[in-house]
Amino acid sequence: MKVAVYTGLLLLWLCSTSAAAFHAQSNHLNLQTPRQQLQQLYYLATPASMTLDELLSDPAYHHSFRLLTPEQRVLFAEHQAIWLFARIANDSNKAAQPVLEYDFPLADKVEIYQVDRQSQDSRLLNRSGNAYPYSERALPYRSFAVALPLAANADSDVFIKVQDAAIIPSEVLLWQPLDFAAAKQRQALLDGLLQGILLLLMLYNLLLFARHHSRHYLYYSGFFASFALVVAILNGMAFALLWPDYPEINQSILYIAVGASLLCLNLFMRFALQNLSGRWWYWCSQISSASALLLLFSPLYANGPLRLFLLFLALGWVLGSNLLLALKLSLQGQRLARSFIWACVFTLIGALLLTLNQAGYLHGDFNWAYLLFSLILLSLALTSFNIHKSQLPQEQQPLTTKEQQHYHDIFHNAVEGMFTTTLDGRLQNANQALLNILGYTTLDELKQAIAGTGMARFYADPAERQYMLKQLEQGSSKSFEIRGLRGDNSPFWALMSVQLAPSDSNRTAFIHGSVIDITEQKLAHEQLAYLANHDALTALYNRYYFDKQLQALCEQTGADKGCVLYLDIDQFKLINNSCSHSAGDALLKQLAEVLKRTAHHNGPLARLDSDEFGILLAGKHANEAFSLAYRLLDAIREFRFIWQDSIHSISISIGIAEITPDDNSADSVLKKADAACSIAKEKGRNRIQLFDVNDLDTQRHQAEVSWVTQLRQAVQEDKFVLYQQTIKPLQRTGNGQQYELLLRLQSDGDNLITPASFLSSAERYGLMPQIDRWVIRHYFRWLQQHPQHLQQLSLCSINLSGSSLLDPAFKDDVQQLFTTYQVPYARICFEITESVAIVNLQNTLAFIQHFRDQGCKIALDDFGSGFSSYSYLKHFPADFVKIDGHFVRDLLDDPYDKAIVKSIHDVARAMNMLTVAEFAETDAICAALQLMGIDYVQGYAIARPQPLNNLLL
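Here the residue index of a chain counts from 1 through its sequence in written order. Totals for whole chains, interfaces and linings use every residue, but because this is a predicted model, local features are given only for residues with pLDDT of at least 70 and side-chain atom pairs only at 80 or more, for both listing and counting. The side-chain figures draw on all heavy atoms in the structure; neither hydrogens nor water molecules are used.

Visitor: In this structure, what is going on with the overall build of the protein chain? I would like to understand it.
Guide: Comment: elements are numbered from the N terminus, with helices defined as DSSP H or I runs of at least four residues and strands as E runs of at least two. When its secondary structure is counted, the protein chain shows 34 helices and 36 strands. Burial classes follow relative accessibility: with a 1.4 Å probe on protein chains only, a residue under 20% of its type's maximum area counts as buried, one over 50% as exposed, and anything between as partly exposed. Looking at the protein chain residue by residue over its 953 residues, the buried ones come to 48%. Within the protein chain, contacts between residues separated by at least 24 positions form 68% of all contacts whose residues are at least 6 apart in sequence. For accessible areas, the Shrake-Rupley method is used with a probe of radius 1.4 Å. Any residue's cover is judged against the shown protein chains and nothing else. Only carbon and sulfur atoms are counted for the fraction: they give 55% of the accessible area of the protein chain, which is about 46,200 Å². We call two residues in contact whenever any of their non-hydrogen atoms come within 4.5 Å of each other.

Visitor: I keep staring at unusual backbone geometry and nothing clicks. Help me out?
Guide: Most peptide bonds adopt trans geometry, and most residues besides glycine take a negative phi value. Not every positive phi belongs to a glycine, and asparagine 153 is a case in point at roughly 50°. Looking at where asparagine 153 falls in the secondary structure, it is placed in the loop between strand E10 (144-147) and strand E11 (154-163).

Visitor: Can you help me understand the packing of aromatic side chains in this one?
Guide: What characterises a pair of aromatic rings is the spacing of the ring centres plus the angle enclosed by the ring planes. Between 30 and 60 degrees the pair is tilted, below 30 it is stacked and above 60 it is edge-to-face, where a pair is any two Phe, Tyr or Trp rings, Trp via its six-membered ring, whose centres lie within 6.5 Å. This model, assessed by the stated rule, comprises 25 aromatic pairs. With a centroid separation of 5.9 Å and an interplanar angle of 65°, the aromatic rings of tryptophan 175 and phenylalanine 180 are classed as edge-to-face. Accessibility assignment for this pair places tryptophan 175 and phenylalanine 180 in one class, buried. Within the aromatic cluster, the residues linked to one another by ring pairs are Tyr779, Phe780, Trp782, Phe810, Phe818, Tyr825, Phe830, Phe847 and Phe851. Over the ring of tyrosine 723 we find arginine 744, and its NZ or CZ is 4.9 Å from the ring centre. A ring has a charge above it when a Lys NZ or an Arg CZ is no more than 6 Å from the ring centre and no more than 35 degrees off the ring normal. In this structure, arginine 944 is placed above the aromatic ring of tyrosine 940, and the distance from its NZ or CZ to the ring centre is 4.0 Å.

Visitor: Looking at this structure, how should I read the sheet that holds strand E7 (residues 99-102)?
Guide: In any sheet, the strands associate via hydrogen bonds between backbone groups, in a parallel or an antiparallel arrangement. Spatial ordering of the open sheet is given by E2-E13-E7-E10, a layout of 4 strands whose pairing is antiparallel. Every other strand in the sheet has two partners, leaving strand E2 (35-37) and E10 as the edge strands with one partner each. Going across the sheet, the axis of each strand differs from the next one's by a mean of 25°, ignoring polarity. Two strands are said to pair when DSSP picks up at least two bridges between them. Note that E7 and E10 share 4 bridges and pair antiparallel. For helices, the axis comes from a line fit to the C-alpha atoms of the stretch in contact; other axes are also lines fit to C-alpha atoms, and the angle between any two N-to-C directions lies between 0 and 180 degrees.

Visitor: Got a minute to help me understand the sheet that holds strand E14 (residues 417-422) in this structure?
Guide: As summarised here, the arrangement of the 5 strands in space is E15-E14-E18-E17-E16, forming an open sheet in which the pairing is antiparallel. Strand pairing shows two members of the sheet lacking a second neighbour, strand E15 (427-430) and strand E16 (477-485), which therefore form its edges. With strand direction ignored, the average angle separating the axes of adjacent strands in the sheet is 25°. Judged from the 9 bridges that link them, E16 and strand E17 (residues 491-501) form a sheet pairing that is antiparallel. Paired with lysine 478 across the two strands is valine 498, which belongs to E17. Helix H16 (residues 462-474) rests against E14, E16, E17 and strand E18 (510-517) of the sheet, and its axis sits at about 175° to E16. Here helix H17 (residues 519-533) sits on the sheet in contact with E16, E17 and E18, set at roughly 125° to E17.

Visitor: Where do I start with helix H26 (residues 768-785) in this structure?
Guide: Given 3.6 residues per helical turn, the α-helix brings residues three or four places apart onto the same face. Given a rise of 1.5 Å per residue, 18 residues ought to cover 26 Å, and the 26 Å separating the end C-alpha atoms of H26 matches this to within 8%. For H26, the buried fraction is high: 13 of the 18 residues fall into the buried class. Under the convention used throughout, the expected extent of a helix is 1.5 Å for every residue step, that is, one less than its residue count.

Visitor: How should I be thinking about the side chain of threonine 598 in this particular structure?
Guide: Relative to the assigned elements, threonine 598 resides in helix H20 (residues 581-599). Among the residues examined, threonine 598 registers a relative accessible area of 19% and is labelled buried. At 2.9 Å, the side chain of threonine 598 and the backbone oxygen of valine 594 are in polar contact. Ignoring anything within four residues of it in the chain, the contact list for threonine 598 reads Leu628, Arg631, Leu632 and Ala635. Under this definition, polar contacts are N or O atom pairs within 3.5 Å; protein pairs additionally need one hydrogen-donor-capable and one acceptor-capable atom, and for neighbouring residues in sequence, both atoms have to be side-chain atoms.

Now the structure itself:
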């Protein structure tokens, strides 16, 4: 009996020893931190054949792990492996799945395991590396990353096995998935930008070689090409994009590319300095070329450690020999050669440090890569400058007095800036207008400022001047729009016209040009272009831009086009009416920022209507749309709107509609999303609803859309009521009555319903042409019945919808009504909204041209709501421009709104159009509008809407 007891205790002790063998500090998961480095990271070097089961089963290995500090780097032999171990604790009450990243793109083999501390069960999360095809990586990134599932309130052990005959960095990171993806996108963008710069420099030198047939341009082009390949291999881009299915060539091409870059750079320097160095430099250069060739062919005869040794030996020799040459030339005082060789030395130092960084020596919190890239690119630019400068021709003689006199009158009397330069940019003459544009007082001051750079100093992009010279080679005169820099480095835009005066036996070639400062026009154009696609209040995209993007998506072929999220603020109208319009505007601005932060880069976020927003998710299915929708609900639920010591809770209703292959228009998709959003509101708000044509709620909602029946009945039974609102002139005394015709719907309970309640439904279901015909017909009949009012009438404005203008029979019907009721054309003004005028421009212009020829007036309504139609005003035959009331309402408090109103008035005045300001709600606003020169006002400060028959009293 005692033997059995002792045996059981012994087994229990052994099991407990095994379970608690790894005495390690835990890394506590922080769900609030986008990026978290594992501080408690342990390492152990073992034979490469060691497996995780062998490691876990032998207690001797358990206690051999040592803490890996951030300053340490582990170097091991080719047939060794390094095991990294970390314990991660999830202290939260919910499961998490962060991304575990080991950022060392050059590793040959990386195996990532997760071990359950309770059951000791191990799971291979991913086996990848440069020895495996790129497609075997758990996540498609250049670093080694896996999704790490962590249970709530539990610890988990992670083991990483790394094999590579190099340096192993000590950084293992935990990321939040979205932050990880965003960081990798940024890194890929920057890497691609740097690669693009190197390839552009390669192409540029190839073009110079093709033009000048000088070998050093070919050598330099080869250096850029091979160095770009080196960088792409070091950061993993080459493996991911060029040979993902051939991992066996990855390491070999690295040494080939490094050898080629060193060889090309050495040949370039030897050619450039062939007359500036002695025989010892010749032999140093020969040895450098030989070492580069040894490295270039090292994959044919050397193993991994030997190739690594040859790599650092070649880099060290080339760098050392060039450093000695730089010191020698510095002591000899050869300024041009000295600056050239020092630039090459800095290039080599930057390349060496970049290699060490990618190998792990410089890994840390500071991103060395981009600093080193900047150093290399700066050095390359300095090298190019010096080699170009060494080949510049002698400064040309200034133009003769006779030639200068020929242009004297033009120079000193022209309003635009005038100049004369040589082909290499040396200034010969300039007038005072050019001095004013560039910010100089005298010509001597300008010449002194550009003594070393020439006129290229004033180009923001030096490539623009090279482009100008190439264009002049093809023709004697050209015009360009350029971006320049003034003497104080402030930017400006200019329209430059240049003419080439070719050389002959008596003179050298020169360039004569003129410059016109167009900065203000350019900035105004850019602002208008921005406002054309953005909402003025929230700075989000507007409905116009959203519809274009959605329509483009609908026109694509195939399934899984994407989804649309339609968001409606549940409490907006309550806050807008109970607090003020200013409160409503402030709420929209704050909510826009919350939605923008939450939606992030998922897709375009736009303000579709007053309190409605839309998000376009291209290529995403409904599950992904629901995930984003729930995040939006949570973000809005936590948001609090504070206005004048009052705190308001806000909620939103979200409708989701998938873009199916049958959806061929943006309007149909938005209708479905809007319907789903309405169902979400009906279910209690603060909800998410997916549009499903087979869903009972969707069918019930569509069945309950009784507006169509009610509006058709109103047209047939004359249940509409005509109202009017006075329009008052500000700059002169009006002769006769002038007003805008308004519409009300009479319900069964004799209550009057405003157009805001039913016009959107009428527009949606195509009833607006019938309603517009009803309004015109009944108003013309009323005028015929009251001739005494017709004599007092100065002008009546009648609104027309976009669908009416698209109706091919509408124009003829309106013409027939004029003929039938004998209404004078000059007494009628048709109002067309800005958005309708732009979208339906051809139909709109045909309607306008016909009735303007008869004597009718035309008003462009709600102008400024989109700022997309400024350019159309020159060709738009309108008599009045009605400024959108959103800008008029707050112009006393908002200088931006005041500037917009003033600019619209100035543009209209330039086009000989009169302006009408809507929403004039106070006498103070009316007074301000009168000072601006606005011609007419309309709003509560003048008169509220009244029944049409009240005009007879």
